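The residues making up each chain are set out below.
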Amino acid sequence: MTEPVRVRFAPSPTGKPHVGNIRTAMYDWIFARHTGGKFILRIEDTDVARKKEGALEAIMESLKWLGLDWDEGPEVGGDYGPYFQSQRLELYQKAAKKLVEKGNAYYCYCSPERLEALRKEQEARKLQTGYDRFCRNLSPQERAAKEAAGIKPVVRFKVPEQGQTRFHDLIYGDVVFENSIIDDFVMLKSDGYPTYHLASVVDDHTMKISHVIRDEGWLSSAPRHLLMYKALGYEPPLYVHHPVIVGADRAKLSKRHGAVALLDFRDMGYLPETMFNFLTLIGWSLDDKTEIMTRQQIVENFSIERMGKTGAFFNMEKLDWMNGVYIRGLTIDDLSEKLLPFLDKYLPPEVKRPLDVNYVRQIVPLIRERINTLKDAAAYAEFFFVDKLEHDASKFTDKKTNAETALTALKSAEEILSSLDSFDCDQLENTLRRLAEKLGVKAGQLFNVLRVATTARDATPPLFETMAVLGKERCMKRIKAAISRLGNNRDS
RNA sequence: GCCCCCAUCGUCUAGAGGCCUAGGACGGCGGCCUUUCAAGCCGUAAACAUGGAUUCGAAUUCCAUUGGGGGCACCA
């Protein structure tokens with residue numbers, strides 16, 4: 001095996017690719033980069049009915065967002081194109097014809113209705129389902145009659161009735177199938193389009209694909225492909241089937257498990273480096289402890305031998321944690337930049353746009369270790385942006401602090417703070433600690449009351465930094481509002 | 001029904017016969033730090049599906065069983 005490594009990601013354009021598909025693309029890409037091989041993007045658009053508008057764009061956008069650049073494929077071209085199967089029909093038709101001529105395939109005129117009835121009956125009698133080879137040995141006259149009737153045939157592969165097909169999968173090891181349980185599958189549909197089986201075999205061969213990396217669901221159709229390679233006289237590629245990502249019910253991940261498209265994760269505020277790292281780790285590990293890895297580290301250390309065989313659950317809690325780790329690793333400027341569109345989208349409409357980047361930059365250090373996604377920021381930092389706060393009176397009091405104390409503290413704070421000329425952290429701290437002492441309350445009690453007054457929250461970034469960013473004017477306004485809120489509350 | 005694949009803490013995993021009284025991470029719990037919330041740090045509970053076989057010795061090998069997943073389309 002001295003052939004250069006060429007791997008392909010071959011999605012069909014039926015929607016936004018979900019994390020499972022994309023993980024396959026990642027393994028392709030990582031393996032290609034690790035070996036210095038080529039990563040090819042090929043579009044399997046042979047099902048006219050399932051093709052979806054915008055799907056191709058979503059595929060490319062997903063790959064680009066994760067930084068998976070392809071060496072050949074749409075937009076970039078390549079020596080083995082075209083890279084859309086719908087533009088390669090002739091190739092498949094020629095291959096099918098060749099197999100018919102060689103006696104490895106035949107035309108089938110069975111109607112969908114007959115096939116449907118056949119399957120129903122097989123199921124009812126609990127028999128092995130599959131085509132009954134009705135057209136396998138049609139006489140020339142019978143064929144001519146069907147043709148004359150205007151029936152458009154499909155081409156079926158003539159599967160040997162005896163023997164076994166075996167192959168070595170790089171992850172699953174040796175796998176053996178009895179040929180007798182494989183039915184004569186359709187290679188070429190009556191509309192002239194190939195099925196996946198034919199198209200992928202022809203393309204993988206003509207595109208000189210060295211390793212077929214795909215999910216485990218394909219394991220059971222691999223023997224069909226091997227049989228075709230043999231009949232066509234092609235050298236088969238190496239197979240690397242990998243386990244799938246499963247949902248909470250352990251079933252293969254799909255739309256019904258909720259938000260699973262990669263781009264949805266982008267929109268929820270996960271970073272591409274998080275997704276790359278996290279997705280790699282579902283089914284592959286470097287060693288017994290390394291978890292946070294750069295793309296470079298992953299590429300350098302990746303090996304198929306260290307991929308697992310077990311379907312894995314997509315653990316959202318761990319994803320959140322990891323995204324937090326990556327967020328905290330960003331510089332203030334970088335994070336501010338990334339946060340801007342999310343703040344713009346999720347902050348209440350009354351907040352004036354455009355947002356001030358410099359102001360955001362001041363806030364970022366305060367919320368950085370408190371958010372796990374970019375989207376979290378808006379809800380977390382809302383009080384930094386809105387004009388009017390809704391104070392919840394009950395938040396001012398706790399076991400240690402009653403309403404009386406809170407009100408007194410606020411009034412004293414208002415007085416002393418209004419005399420301050422600047423609102424920097426040190427000065428605020430000095431002033432307020434002294435005030436607490438004077439009032440005979442714990443510093444924390446006073447801080448908490450002021451926290452609620454200035455933010456309307458009981459969980460915020462550190463008080464002095466927060467107040468400093470908010471600025472004197474806004475703080476004083478809010479403290480006054482809090483005083484009247486508390487006063488009114490007590491009177492009523 | 002037939003065929004294929006899989007099986008270590010709740011979850012993701014390390015483990016390729018003795019290093020395992022099974023390691024790490026997320027989550028949980030407890031603590032430290034602390035003006036709240038986080039972050040950080042420390043600690044803790046928590047798993048080899050079951051039964052045989054091989055071996056001086058098995059999470060690691062083999063065979064059953066059980067459980068789970070996938071396939072059996074003119075879809076990929």
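Residues numbered from 1 in each chain as written. Chains lettered and ligands numbered in written order. Predicted model: local features only at pLDDT ≥ 70, side-chain atom pairs only at ≥ 80, totals over all residues. Heavy atoms only, no water.

Asker: Any details on the overall build of chain A? Residues and values, ideally.
Answerer: Each helix and strand in chain A was counted, giving 19 helices and eleven strands. Scaling as 2.2 N^0.38, a compact globule of 492 residues should have a C-alpha radius of gyration of about 23 Å, whereas chain A reaches 32 Å, well beyond that. Viewed in the frame of its principal axes, chain A has a C-alpha envelope of about 110 × 50 × 40 Å. Of the contacts formed within chain A by residues at least 6 apart in sequence, a portion of 76% connects residues at least 24 apart. Taken together, the 71 basic and 70 acidic charged side chains of chain A have centroids lying 3 Å from each other. (Helix = DSSP H or I, 4+ residues; strand = E, 2+ residues; numbered from the N terminus. Rg over C-alpha atoms; globule rule 2.2 N^0.38 Å. Contact = heavy atoms within 4.5 Å. Lys, Arg positive; Asp, Glu negative; His and termini not counted. Charge placed at Lys NZ, Arg CZ, Asp CG, Glu CD.)

Asker: Give me the protein's contact with RNA strand B: which residues, what numbers.
Answerer: RNA strand B sits among 67 residues. The nearest are Lys 189, Glu 291, Glu 369, Arg 451 and Thr 460. The sugar-phosphate share of atoms of RNA strand B within 4 Å of the protein amounts to 71%. Within the side chain of Glu 44, an N or O atom sits 3.0 Å from a sugar or linking oxygen of RNA strand B. One of the backbone N or O atoms of Gly 283 is found 3.0 Å from a phosphate oxygen in RNA strand B. (Near = heavy atom within 4 Å. Polar contact = N/O pair within 3.5 Å; in protein donor to acceptor, adjacent residues only side chain to side chain.)

Asker: An account of the pairing of strand β2 (residues 38–41) is needed here, citing residue identities and associated values.
Answerer: Judged from the four bridges that link them, strand β1 (residues 6–9) and β2 form a sheet pairing that is parallel. Bridge pairing in β2 links Arg 6 to Lys 38. Assessed by its sense of winding, the connection that carries the chain from β1 through helix α1 (residues 19–35) to β2 is right-handed. (Pairing = 2+ DSSP bridges. Right-handed = clockwise from strand over helix to strand, strands pointing away.)

Asker: Provide a residue-level description of the environment of Thr 431, including the pertinent values.
Answerer: When you line up the elements, Thr 431 lands in helix α16 (residues 425–439). Here Thr 431 falls in the buried class, since its relative accessible area comes to 6%. Considering only alpha carbons, one finds Thr 431 and Ala 199, 232 residues apart in sequence, at a separation of 76 Å. If sequence neighbours within four positions are ignored, Thr 431 has contacts with Ile 416 and Leu 420. At a separation of 2.6 Å, a polar atom in the side chain of Thr 431 contacts the main-chain carbonyl oxygen of Gln 427. (Buried < 20%, exposed > 50% of the residue type's maximum accessible area, 1.4 Å probe, protein only.)

Asker: So what about α16? Which residues, and what values?
Answerer: Under the 1.5 Å per step criterion, the end-to-end length of α16 is 21 Å for 15 residues, consistent within 8% with the ideal 21 Å. Among the residues making up α16, those that are buried are Leu 428, Thr 431, Leu 432, Leu 435 and Ala 436. Buried residues of α16, viewed axially, fall in a sector of 135°; they line one side. For α16, the exposed residues lying more than 90 degrees away from the buried face are Asp 426, Arg 434, Glu 437 and Lys 438. Residues of α16 that are buried make contact with α15 (403–418), α17 (443–455) and α18 (463–470). Where α16 begins, one side-chain oxygen reaches toward the backbone nitrogen of Asp 426, 3.2 Å away; that side chain belongs to Asp 424. In the stretch just after α16, Gly 440 is the one whose phi turns positive, near 75°. (Expected span 1.5 Å × (residues − 1). Arc of directions from axis to C-beta.)

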